[in-house]
Amino acid sequence: MTETDEDLAASRERLVEQLRRRHDLSERTLAAIGSVPRHEFVPADRQSAAYADRPLPIGHDQTISAPHMVAIMVDLIEVAEGDRVLEVGTGCGYHAAVVAEIVGPGNVYTVEYVPDLADDARDRLDRLGYDVNVRAGDGREGYPDGAPFDAAYLTCAAPEGVPDPIIEQVREGGQIVAPVGGGISQRLVRLTVEADGVDREEHGGVRFVPMQ
Ligand code: SAH
């Protein structure tokens, strides 16, 4: 059975209500989640599961994170309209679209390792009206053409910590959120870039695909 636009919008609103009840999230982030049509980012045979709070496969052995994880990471980078943001790991482009809802057109720069995923995400974001800069390549190098950034985040786990080029492309005072560590011992960390290094906070155990 195909769901109507009304069904999908109602499911999305229920997801937002569930996230509001279960997690301590800003209204700005909840509004962004409520605006992005997640069903457009998942494979056609998964559309009916698009508004369940869980990860879904997106091909090439990769997954789109669960909505609560996207929302928590969006809150942690503390961005506002007009801020420039670096994402490493575009995947299907969903997380980038949620951030673009907050920072506005042209302000999200995202790097994806798998060229086919980068191409598909670029086309999808464009079709849905999101002006996001998508580059195929190794996110360890960041996105030099878009720097400096007000914030950055990784959607794949960095076993040995956030690579230096990414830290160097974020302005002083900016935040970097990333899953760090290998296997089952990944932690979600938030770095604040300072003049003489970074300040590091931990935000619990997480499970992300490893950086290629
Ligand atoms: N934010 C994505 C989640 C993608 S999963 C979404 O909303 O769909 C993590 C992604 O990181 C995968 O697409 C994977 O191919 C990508 N990735 C892994 N290693 C990478 C690297 N070194 N540079 C850029 N992207 C990488």
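Located above this text is the structure these notes cover.
Predicted model, so just to flag it, every value in this text is computed and none were measured. (Residues numbered from 1 in each chain as written. Predicted model: local features only at pLDDT ≥ 70, side-chain atom pairs only at ≥ 80, totals over all residues. Heavy atoms only, no water.)

**Here we look at the overall build of the protein chain**
Here comes step 1: A count of helical and extended segments in the protein chain gives six helices and nine strands.
Here comes step 2: Relative to a compact globule of 212 residues, whose C-alpha radius of gyration would be 17 Å, the protein chain shows 16 Å and is just as compact.
Here comes step 3: With the principal axes as the frame, the protein chain shows a C-alpha extent of 55 × 35 × 35 Å.
Here comes step 4: Expressed as a percentage of the 212 residues in the protein chain, the buried residues total 52%.
Here comes step 5: Nonlocal contacts in the protein chain, meaning residues at least 24 apart in sequence, comprise 55% of its contacts between residues at least 6 apart.
Here comes step 6: Per element, the accessible surface of the protein chain, about 9900 Å² overall, is 45% carbon and sulfur.
Here comes step 7: Across the protein chain, the centroid of the 20 positively charged side chains sits 5 Å from that of the 38 negatively charged ones. (Helix = DSSP H or I, 4+ residues; strand = E, 2+ residues; numbered from the N terminus. Rg over C-alpha atoms; globule rule 2.2 N^0.38 Å. Buried < 20%, exposed > 50% of the residue type's maximum accessible area, 1.4 Å probe, protein only. Contact = heavy atoms within 4.5 Å. Areas by Shrake-Rupley, 256 points an atom, 1.4 Å probe, with all protein chains shown as cover. Lys, Arg positive; Asp, Glu negative; His and termini not counted. Charge placed at Lys NZ, Arg CZ, Asp CG, Glu CD.)

**Structural notes on the site of the ligand**
Here comes step 1: The ligand sits among 26 residues. The nearest are Thr63, Glu112, Asp138, Gly139 and Gln212.
Here comes step 2: Side-chain polar atom of Asp138 to a nitrogen atom of the ligand: 2.9 Å apart, as the coordinates give it.
Here comes step 3: Expressed as a share of its isolated accessible area of 570 Å², the protein-covered part of the ligand is 99%.
Here comes step 4: Within the residue set of the shell around the ligand, elements represented by two or more residues are strand 2 (62-64), strand 3 (85-88), helix 4 (94-103) and strand 4 (108-112).
Here comes step 5: For the shell around the ligand, the residue count by class is 11 nonpolar, 11 polar and four charged. (Near = heavy atom within 4 Å. Polar contact = N/O pair within 3.5 Å; in protein donor to acceptor, adjacent residues only side chain to side chain. Nonpolar A, V, L, I, M, F, W, Y, C, P; charged D, E, K, R; others polar.)

**Regarding the pairing of strand 5 (residues 133-136)**
Here comes step 1: Direction of pairing for strand 4 relative to strand 5: parallel, over a ladder of four bridges. Residue pairing across strands places Tyr109 opposite Asn133, the latter belonging to strand 5.
Here comes step 2: Of the crossover connections in this fold, the one passing from strand 4 over helix 5 (residues 115-127) to the parallel strand 5 is right-handed. (Pairing = 2+ DSSP bridges. Right-handed = clockwise from strand over helix to strand, strands pointing away.)

**Focus on a negative patch on the surface**
Here comes step 1: A surface patch of like charges, here negative, comprises Asp116, Asp120, Asp123, Asp126 and Asp131.
Here comes step 2: Residue placement: Asp120 occurs in helix 5.
Here comes step 3: Among the residues examined, Asp120 registers a relative accessible area of 41% and is labelled partly exposed. (Patch = residues over 30% accessible without salt bridge, like charges linked within 9 Å, V, L, I, M, F, W, Y side chains within 5 Å. Salt bridge = Lys/Arg side-chain N within 4 Å of Asp/Glu carboxyl O.)

**Brief notes about the packing of aromatic side chains**
Here comes step 1: The final tally for this structure, using the stated rule, is three aromatic pairs.
Here comes step 2: Centroid distance Phe41 to Tyr94: 5.7 Å. Interplanar angle 75 degrees. Geometry classified as edge-to-face. Placement of the pair is Phe41 in the loop between helix 2 (27-35) and strand 1 (56-59) and Tyr94 in helix 4, with a sequence separation of 53 residues. Across this residue pair, the class does not change: Phe41 and Tyr94 are buried.
Here comes step 3: Relative to Phe149, the ring of Tyr109 has its centre 5.5 Å away and its plane inclined at 65 degrees; by these criteria the two rings are edge-to-face. Taken together, the residues Tyr109 in strand 4 and Phe149 in strand 6 (residues 149-154) connect sequence positions 40 residues apart. Comparing Tyr109 with Phe149, the two get one shared label, buried.
Here comes step 4: Connected via pairs of aromatic rings, a cluster forms that spans Tyr109, Tyr143 and Phe149.
Here comes step 5: The positively charged end of Arg38 is found above the aromatic ring belonging to Tyr94, 5.5 Å away from the centroid.
Here comes step 6: Looking at Arg135, its charged tip hangs above the ring of Tyr143, at a distance of 5.4 Å from the centre. (Phe/Tyr/Trp six-rings, centres within 6.5 Å; stacked < 30°, edge-to-face > 60°. Lys NZ or Arg CZ within 6 Å of the ring centre and 35° of its normal.)

Keep in mind that these numbers describe shape and distance, not what the molecule does.
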